[in-house]
Amino acid sequence: MIHFDQVSKRYPGGHEALSRVSFRLGRGKMAYLTGHSGAGKSTLLKLIALIERPSRGQIILDGVNLSQISNRRVPYVRRNIGIVFQNHHLLYDRPVFDNVAMPLVIQGYRHKEIKSRVRAALDQVGLLKKERSEPITLSGGEQQRVGIARAIVHKPALLLADEPTGNLDPELSLEIMQLFARFNQVGTSVLIASHDLDLIAQIGAPMLSLKDGMVIHDDITRKQTGAA
Amino acid sequence: MTTSPANKRVPPEMKKGPQQNTLMVSYLIHHLRVFIASLGDLSRHPMATLMTTAVIAIALALPAGLYLALNNISGLSAGWDGSTQISLFLHTKVSEKKAQKFASRLRLHKEIDKVKLISKDQGLEQFRKISGFGGALEFLDDNPLPIVLVVQPVVDPQRPDKISHLVKQLEEEKLVELAQLDVQWVKRLYSLLEIAHRGIWIVGSLLGLAVLLVIGNTIRLDIQNRRAEIEVAKLIGASNAFIRRPFLYTGLWYGLIGGFMAWLLTAVSLSFLEGPVQKLAVLYHSTFRLSGLEGDHILVLIGISCGLGLLGSWLAVGRHLSEIEPS
């Protein structure tokens with residue numbers, strides 16, 4: 001699903017956020033991206049979502065070389081990815097339903113289909129009863145679940161999450177992580193950036209660890225090559 | 001990346017967008033929805049919308065009103081052109097009979113409306129009355145004045161040069177010694193109107209530019225207010241066209257409403273002026289009536305307004321949308 005080949009990212013000003021990162025995440029696999037803050041986790045996710053471009057190296061996403069994607073084509077790549085953010089990125093001027101429906105509206109789905117898919121997504125995160133609520137009235141955990149529903153409503157092949165439990169207490173965090181694991185079970189590839197090693201140990205999924213922009217621990221590539 | 005063929009197959013529901021045959025319909029429905037939704041957004045801030053559209057309306061009503069005024073003055077001056085006269089001084093030797101014949105020949109000319117003959121005696125009489133040299137004339141044993149034909153040309157307000165052409169033509173007649181046209185004031189009026197016309201173009205262009213800037217600035221603020229929404233939309237795969245669309249439609253609405261209001265403004269102003277103008281016309285024994293904006297003009301006005309709205313928002317969106325990138 002994701003293949004990094006000697007990818008480096010140097011920001012203007014000289015800071016190298018990632019240096020010569022290589023790894024593979026197979027289709028339908030799930031992995032945690034760990035490391036201290038500043039280790040390059042967010043940058044790695046941004047490169048996959050084409051929010052940033054690598055300075056060197058290649059990224060292949062779902063068989064497509066991202067360096068060959070022009071800026072005009074970027075939206076169409078993103079439509080195959082669901083992204084969950086630490087701060088939810090919800091829009092507070094519209095109810096939960098409209099927030100979750102955004103990816104479908106953007107992709108031109110019909111009204112009827114939008115309705116049923118948004119309901120299904122909200123049901124999966126346990127918020128079906130809140131579809132008419134304003135996001136601001138929801139708790140942090142509920143807001144994050146709305147964000148997750150929005151990320152999966154269009155059934156992307158890949159789900160990315162950047163510190164999705166950053167602001168939540170341990171109990172809620174586990175709940176959210178289990179939610180991701182459930183999506184992985186139905187075939188979605190999942191990559192979650194998190195610094196919460198205790199939580200990851202509880203769930204026990206493979207890890208890709210970064211330190212100062214370099215890979216220091218890699219469960220996923222080894223497993224992958226072993227399987228192939 | 002896995003290479004086994006089984007893994008290459010994408011589960012159908014993962015990649016499938018809307019069905020192809022309904023794509024066009026849903027595209028149109030989407031456009032319609034955005035068109036109406038952007039009006040809904042405007043109606044949610046009625047005061048702000050009213051102020052913006054009022055500025056547009058005033059900026060457009062001003063040149064439209066000036067254009068109307070000019071149009072009316074042109075119509076008015078066309079009525080006055082009736083007083084344009086060409087005086088033909090015939091050779092002194094030409095007899096009254098010959099002059100009569102010549103006059104009736106001129107009456108057949110298609111560019112001549114009326115011909116009036118002033119005989120030598122009539123001329124003398126007029127001269128005596130007007131000049132005050134009556135006494136001096138007593139000393140003359142012969143009437144020195146020529147027969148004069150006063151020719152009233154058919155006036156085409158669009159073609160003032162036609163008259164001078166006619167004058168030249170008449171001057172070449174054998175019987176005519178001198179053809180004189182007091183065309184100076186007509187020329188002056190036309191050049192004044194020409195200047196006014198150009199002036200309206202300048203005022204109109206400047207105010208059009210102002211409308212463009214007003215709409216551009218309003219849309220720019222709108223974009224800034226919806227920054228979060230634009231960022232999220234870009235993150236979840238909205239194309240630039242998708243993000244641009246509501247702003248373009250908002251600009252179009254501003255233009256449409258502003259143009260409509262500009263038309264109303266000119267119509268109201270005109271009806272306000274109509275009474276006094278009518279009174280004045282009666283005093284001058286004129287049948288002059290103020291003419292307002294007609295069908296074509298209204299369409300042009302609203303069309304220009306919509307065009308400016310669309311262009312203004314297009315410029316603003318093009319400049320500011322690319323600045324907003326998710327990070």
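All residue numbers here refer to positions counted from 1 along the written sequence of the relevant chain. For this description, chains carry letters from A and ligands carry numbers from 1, given in the order in which they are written. Reporting in this predicted model follows two pLDDT cut-offs: at least 70 for local features of residues, and 80 or more for side-chain atom pairs to be given and counted; totals over whole chains, interfaces and linings ignore these cut-offs and use all residues. The basis for the side-chain values is all heavy atoms of the structure; hydrogens and waters are excluded.

S.K.: Give me the lowdown on the overall build of chain A, citing residues and values where you can.
M.R.: Helix numbering and strand numbering both begin at the N terminus, where a helix is a DSSP run of H or I of at least 4 residues and a strand a DSSP run of E of at least 2. When its secondary structure is counted, chain A shows eight helices and 10 strands. Against the compact-globule benchmark of 17 Å for 228 residues, chain A has a radius of gyration of 17 Å, which places it among compact chains. For the C-alpha atoms alone, the extent of chain A along its principal axes is close to 45 × 40 × 40 Å. The burial tally for chain A puts 57% of its 228 residues in the buried class. Within chain A, residue pairs in contact and separated by at least 24 positions form 69% of the contacts whose partners lie at least 6 positions apart. As presented, chain A carries roughly 10200 Å² of accessible surface, and 49% of it is formed by carbon and sulfur atoms. Seen as two clouds, the 30 positive and the 21 negative side-chain charges of chain A have centres 9 Å apart. Atoms counted for the radius of gyration: C-alpha only. Globule rule: 2.2 Å times residue count to the power 0.38. Only protein chains enter the calculation, and the probe is 1.4 Å; a residue is then buried if its accessible area is under 20% of its type maximum, exposed if over 50%, and partly exposed in between. A contact between two residues is defined here by any heavy atoms of the two lying within 4.5 Å. Exposure was quantified through the Shrake-Rupley algorithm and a 1.4 Å probe, taking into account, for residues, occlusion by the shown protein chains and nothing else. Counted as positive: Lys and Arg. Counted as negative: Asp and Glu, with His and the chain ends omitted from the count. A charge is said to be at NZ when it belongs to Lys, at CZ for Arg, at CG for Asp and at CD for Glu.

S.K.: Can you explain the overall build of chain B? Please cite residues and give values.
M.R.: Broken down by element type, chain B carries 12 helices and four strands. Restricting the contact set of chain B to residue pairs at least 6 apart, pairs at least 24 apart contribute 83%. When the accessible area of chain B is evaluated, it comes to approximately 19900 Å², of which 64% is carbon and sulfur surface.

S.K.: Explain the nonpolar core to me, and be specific about the residues and the numbers.
M.R.: In terms of nonpolar packing, the biggest core is built from 42 residues, with B:Ile219, B:Ile223, B:Ile243 and B:Phe247 touching the most fellow members. In terms of residue count, the dominant contributor to this core is helix α11 (residues 240-283) of chain B (eight residues). Once residues lying within four places of it in the same chain are set aside, the contact partners of B:Ile243 are B:Ile230, B:Ala233, B:Lys234, B:Ala238 and B:Leu321. Put simply, a nonpolar core is a bunch of buried Ala, Val, Leu, Ile, Met, Phe, Trp, Tyr and Cys residues held in one set by side-chain atoms that sit within 4.5 Å of each other. The next biggest cluster of nonpolar side chains, apart from the first, holds 37 residues, and it includes A:Val84, A:Ala121, A:Val153 and A:Ile176.

S.K.: Outline the interface of chain B and chain A, listing residues and values.
M.R.: In this assembly, 27 residues from chain B lie in contact with 40 residues from chain A. Both sides of the chain B and chain A interface together cover about 2900 Å² of buried area, and 59% of this is carbon and sulfur. Take a side-chain nitrogen of Lys or Arg and a carboxyl oxygen of Asp or Glu: if they are within 4 Å of each other, that pair is a salt bridge. Across the chain B-chain A interface, the total number found is one salt bridge. Linking A:Arg94 and B:Glu229 is a salt bridge whose minimum nitrogen-to-oxygen distance equals 2.9 Å. Within 3.5 Å is the distance limit for a polar contact, defined as a pair of N or O atoms, with the added protein rule that one can donate a hydrogen and the other accept it, and that residues adjacent in sequence qualify only through two side-chain atoms. Remark: the boundary between chain B and chain A carries three residue pairs in polar contact (both at pLDDT 80 or more). Broken down by element, the residue count for the side of chain B that touches chain A peaks at seven residues, all from helix α10 (residues 227-235) of chain B. In the scheme used here, Gly and all other residues not listed as nonpolar or charged are polar, with Ala, Val, Leu, Ile, Met, Phe, Trp, Tyr, Cys and Pro taken as nonpolar and Asp, Glu, Lys and Arg as charged. In terms of residue class, the side of chain B that touches chain A is made up of 12 nonpolar, eight polar and seven charged. Note: buried area is the sum, over both parts, of the accessible area (probe 1.4 Å) each one loses when the two are combined.

S.K.: Outline helix α3 (residues 96-106) of chain A, supporting the account with residue identities and numerical values.
M.R.: When you tally the buried positions in α3(A), you get nine out of 11 residues, the bulk of the element. Those residues of α3(A) that fall on the buried side of the exposure criterion are A:Val96, A:Phe97, A:Asn99, A:Val100, A:Ala101, A:Met102, A:Pro103, A:Leu104 and A:Ile106. Structurally, α3(A) contributes buried residues whose contacts are with α4 (111-124) and α5 (140-152) of chain A together with α10 and α11 of chain B. Of the residues flanking the end of α3(A), it is A:Gly108, one or two places downstream, whose phi is positive at about 75 degrees.

S.K.: Can you explain the sheet that holds strand β4 (residues 176-181) of chain B? Please cite residues and give values.
M.R.: All names here are of chain B. What the four strands build is an open sheet, ordered β2-β3-β1-β4; its pairing is antiparallel. Each edge of the sheet is formed by a strand with only one pairing partner; in this case those strands are β2 (112-118) and β4. On average, each strand axis in the sheet is tilted by 20 degrees relative to the strand beside it, whichever way the strands run. Both β2 and strand β3 (residues 148-153) contribute to a ladder of six bridges, which runs antiparallel. Residue pairing in the sheet places Leu-117 in a bridge with Leu-149 of β3. In this analysis, axes come from line fits to C-alpha atoms, helices being fitted only over the stretch in contact, and the angle between any two N-to-C directions falls in the range 0 to 180 degrees. Contacts between helix α5 (residues 96-107) and the sheet are confined to β1 (86-90), β2, β3 and β4, with β2 contributing the most and set at about 165 degrees to the helix. Whether two strands pair comes down to DSSP finding at least two bridges between them.

S.K.: Which residues make up the layout of surface pockets, and what values do they have?
M.R.: Approximately 1400 Å³ is the volume found for the largest pocket. Of all the elements in the fold, those that place two or more residues in the lining of the largest pocket are α3 and α4 of chain A together with α3 (23-44), α4 (46-80), α9 (184-225), α10 and α11 of chain B. Broken down by element, the residue count for the lining of the largest pocket peaks at eight residues, all from α3(B). Partitioning the lining of the largest pocket into residue classes produces 22 nonpolar, 10 polar and nine charged. Every definition here rests on a 1 Å grid over the protein atoms only: cavities are sets of points where a 1.4 Å probe fits but cannot get out, pockets are open sets enclosed by protein on both sides within 12 Å along at least five of seven lines, and lining residues have some atom within 4 Å of a point. Grid points are joined across faces, edges and corners, and a volume is the space filled by probe spheres set on the points.

S.K.: Could you give me a rundown of empty space enclosed by the protein, with the residues and numbers involved?
M.R.: One pass over the full model with this rule turns up two cavities of 30 Å³ or more. In this structure, the largest cavity encloses a volume near 80 Å³. Together, A:Val105, A:Gly108, A:Tyr109, A:Arg110, A:Ile114, B:Ser26, B:Ile29, B:His30 and B:Arg33 line the largest cavity. Element by element, the count of residues in the lining of the largest cavity is highest for α3(B), at four residues.

S.K.: So what about α5(B)? Which residues, and what values?
M.R.: End to end, α5(B) covers 16 Å across 12 residues, agreeing with the expected 16 Å (1.5 Å per residue, within 8%). Looking at the packing, one finds that the buried side of α5(B) touches β1, β2, β3, α8 (161-171) and β4 of chain B. One fewer than the residue count of a helix, multiplied by 1.5 Å, yields its expected span.

S.K.: Residue-level account of the packing of aromatic side chains, with values.
M.R.: The aromatic pairing rule takes the rings of Phe, Tyr and Trp, using the six-membered ring of Trp, and pairs them if the centres are within 6.5 Å, calling planes under 30 degrees apart stacked, those over 60 edge-to-face and the rest tilted. Counting across every chain of the model gives four aromatic pairs over all chains. With a centroid separation of 4.8 Å and an interplanar angle of 25 degrees, the aromatic rings of A:Phe4 and A:Phe23 are classed as stacked. Placement of the pair is A:Phe4 in strand β1 (residues 2-10) and A:Phe23 in strand β2 (residues 16-25), with a sequence separation of 19 residues. Taken individually, A:Phe4 and A:Phe23 each receive the classification buried, so the pair is uniform in this respect. An aromatic cluster is present here, built from B:Phe35, B:Tyr249 and B:Trp253 joined pairwise through their rings. Charges are assigned to positions over rings by a cutoff of 6 Å between ring centre and Lys NZ or Arg CZ, combined with an angular limit of 35 degrees from the ring normal. If you follow B:Arg244 out to its NZ or CZ, it ends over the ring of B:Trp314, 5.4 Å from the centre.

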